Amino acid sequence: MELRFTKLQGLGNDYIYLSLLPQDENRVDLKRIDLAELARRLCRRRFGIGGDGLIIIEPGEDKEFRMRIFNPDGSEAEMCGNGIRGMARYLWSRGLTEKKEIIIETKAGEKKVRLTESDEIEVDMGEPILRGAEIPVEIDREPVIDEEIEVGGERIRITAVSLGNPHCLVFVEGGDGIRSEIGYLITIPTELVNRLGPELEVHPLFPQRTNVEFVRIKSRKELELRTWERGAGETLACGTGACAALVGAVLKRLTEREVRVHLLGGDLEVHWRRNGHVYLIGSVQECFQGTFRLT
């Protein structure tokens, strides 16, 4: 059986989209497919299509559309900010909806996505989750800010936030620089990301593992961010991570509530508005389409 896929990326955070909507060509019974194995197979950079995850587009139960996302290691994630923006771009570019504002079901609940006048895509990520047990993290606090923990034989301070999926924030000073895809110099050391990222992802404090964000405060309106994603390793961008970084920075009184986040793949706008909801705004591009044989 051959299935059609589409590859889209937001700031280099690239995903393989498999649409099972009735309007599309793919006809497959998901109950007969091991989606975890399929994600592992397709996301391999040199032996598959390559991507930061596999996203399934399907009809929703209460709303018109639903998104499911699988990490490259086969684990299923609750939510993905850049992934849901890519899904919305897929729907709009193919005329699968005429609405400029749609609601998409995810494992983290319903998310509202809007096409802006500048052709960027804005996601209402909802209210951040700040209670330790609900993030989840084994620290009984609300919020979980500047908690000292031991990792890799050293003591560091972390802040924990959930935007539908767990995030561990580590605020850092500048170091050796690395250029983003748009030429911006991000001064978060690679050595730090590679050393602490994998350790924190599986730290016993996080029962469902965690995404890890390394955050540097550039100014009251700018953040630098590098992210180690749960089940994927370091990626060029992370939408929920950018949102979590802003929330943590505001809780620590380090920034305003509207910031530009500089990531390796480019920049995102993140706003924590007075209604308590966090909004993620940025661009998405389609890379290519193709088919793969399901055996």
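Residues numbered from 1 in each chain as written. Predicted model: local features only at pLDDT ≥ 70, side-chain atom pairs only at ≥ 80, totals over all residues. Heavy atoms only, no water.

**Some thoughts on the overall build of the chain**
Which entries qualify depends on this criterion: What counts as a helix is a DSSP run of H or I of at least four residues, what counts as a strand is a run of E of at least two, and both are numbered from the N terminus. Radius of gyration: over C-alpha atoms. The globule rule applied is 2.2 Å multiplied by the number of residues raised to the 0.38 power. Residues count as neighbours in contact if any of their non-hydrogen atoms are within 4.5 Å of one another. Exposure was quantified through the Shrake-Rupley algorithm and a 1.4 Å probe, taking into account, for residues, occlusion by the shown protein chains and nothing else.
Within the chain, the secondary structure is distributed over four helices and 20 strands. In terms of C-alpha radius of gyration, the chain reaches 18 Å, essentially the compact-globule figure of 19 Å for 295 residues. Its C-alpha atoms give the chain principal-axis dimensions of about 50 × 40 × 40 Å. Taking the contacts inside the chain whose residues are at least 6 apart along the sequence as the reference set, 61% of them involve residues at least 24 apart. With the model as given, the accessible surface of the chain reaches about 12900 Å², and the carbon-plus-sulfur share is 43%.

**Re the pattern of salt bridges**
Applicable threshold: The salt bridge definition used is simple: a Lys or Arg side-chain nitrogen within 4 Å of an Asp or Glu carboxyl oxygen.
Within this structure, the stated rule accounts for 30 salt bridges. Residues Glu148 and Arg155 are paired through a salt bridge, measuring 3.2 Å at the closest nitrogen-oxygen approach. In this structure, a network of salt bridges that share partners links the residues Lys7, Asp14, Arg45 and Asp52.

**Re the packing of aromatic side chains**
Applied cut-off: In this scheme Phe, Tyr and Trp rings, the latter by its six-membered ring, pair at centre separations within 6.5 Å, and the angle between planes marks the pair as stacked below 30 degrees, edge-to-face above 60, and tilted otherwise. The cut-offs for exposure are 20% and 50% of the maximum accessible area for each residue type, with area from a 1.4 Å probe on protein chains only; residues under the lower value are buried, those over the upper are exposed, and the others partly exposed. Think of it as a cone above the ring: NZ of Lys or CZ of Arg counts as a charge over the ring if it is within 6 Å of the ring centre and within 35 degrees of the ring normal.
Taken as a whole and assessed by the stated rule, the structure comprises two aromatic pairs. Both rings, one in Phe5 and one in Phe288, keep their centres 6.0 Å apart while their planes meet at 85°; by these two values the pair is edge-to-face. With Phe5 in strand β1 (residues 2-10) and Phe288 in strand β20 (residues 285-293), this pair connects stretches of sequence that are 283 residues apart. Overall, the relative accessible area of 6% leaves Phe5 in the buried class. Owing to a relative accessible area of 37%, Phe288 belongs among the partly exposed residues under this scheme. Consider the rings of Phe5 and Phe292, whose centres lie 6.3 Å apart with planes at 40°: the pair is tilted. Of this pair, Phe5 sits in strand β1 while Phe292 sits in strand β20, and the two are 287 residues apart along the sequence. An identical accessibility class is assigned to Phe5 and Phe292; each is buried. Connected via pairs of aromatic rings, a cluster forms that spans Phe5, Phe288 and Phe292. Looking at Lys252, its charged tip hangs above the ring of Phe171, at a distance of 5.0 Å from the centre. Of note, Arg273 hangs over the ring of Tyr279, and the distance from its end group to the ring centre comes to 4.0 Å.

**Brief notes about the nonpolar core**
Here is the rule: Take the buried residues of types Ala, Val, Leu, Ile, Met, Phe, Trp, Tyr and Cys, join any two whose side-chain atoms come within 4.5 Å, and each joined set is a nonpolar core.
Counting 52 residues, the largest nonpolar core has Leu91 and Val113 as the members making the most contacts within it. Counting residues per element, this core draws most heavily on helix α4 (residues 239-251), which supplies eight residues. If near-sequence neighbours (up to four positions away) are discounted, Leu91 is found in contact with Leu21, Ile57, Phe65, Leu96, Thr97 and Ile102. Counting 25 residues, the second-largest nonpolar core is a separate cluster that includes Ile158, Val170, Val172 and Leu196.

**Structural notes on empty space enclosed by the protein**
Here is the rule: In this analysis, the protein atoms alone were mapped onto a 1 Å grid. Cavities are point sets where a 1.4 Å probe fits without being able to get out; pockets are open sets with protein on both sides within 12 Å along at least five of seven lines; lining residues have an atom within 4 Å of a point. Grid points are joined across faces, edges and corners, and a volume is the space filled by probe spheres set on the points.
Taken as a whole, this structure holds one cavity of 30 Å³ or more when the rule is applied. In this structure, the largest cavity occupies an estimated 80 Å³ of space. Tyr15, Ile69, Asn71, Ala77, Met79, Cys80, Asn165, Asn211, Glu229, Arg230, Cys238 and Thr240 together form the lining of the largest cavity.

**Re unusual backbone geometry**
Put simply, Ile135 and Pro136 share a cis peptide bond, and its omega is -5°. As for its placement among the helices and strands, Pro136 is situated in the loop between β8 (121-124) and β9 (144-151). Even without being a glycine, Leu11 presents a positive backbone phi close to 60°. Considering the arrangement of structural elements, one finds Leu11 in the loop between β1 and β2 (13-19). Residue classification places Leu11 among the buried positions, given a relative accessible area of 8%. Phi is positive for Asp119, close to 70°, though the residue is something other than glycine. Tracing the chain through its elements places Asp119 in the loop between β7 (109-115) and β8.

**Examining the pairing of β9**
Basically, it comes down to this: At least two DSSP bridges between two strands are required for those strands to pair.
Note that β9 and strand β10 (residues 154-162) share six bridges and pair antiparallel. Among the inter-strand pairings, Val151 is bridged to a residue of β10, identified as Glu154. Connecting the antiparallel pair β9 and β10 is a turn made up of two residues, with Gly152 showing a positive phi of about 60°.

**Overview of the side chain of Glu229**
As a reminder of what qualifies: Charged residues are defined here as Lys and Arg on the positive side and Asp and Glu on the negative side; His and the ends of the chain fall outside this count.
Tracing the chain through its elements places Glu229 in strand β15 (residues 222-229). Comment: no salt bridge for buried Glu229; closest opposite-charge side chain is Arg230, at 7.8 Å. The residues contacting Glu229, other than those within four sequence positions of it, are Asn13, Tyr15, Glu201, Asn211, Thr235, Ala237 and Cys238.

**Some points on the environment of Gly183**
With respect to the helices and strands, Gly183 occurs in the loop between β12 (178-179) and β13 (185-186). In this structure the C-alpha to C-alpha distance between Gly183 and Glu224, which are 41 residues apart in sequence, comes to 13 Å.

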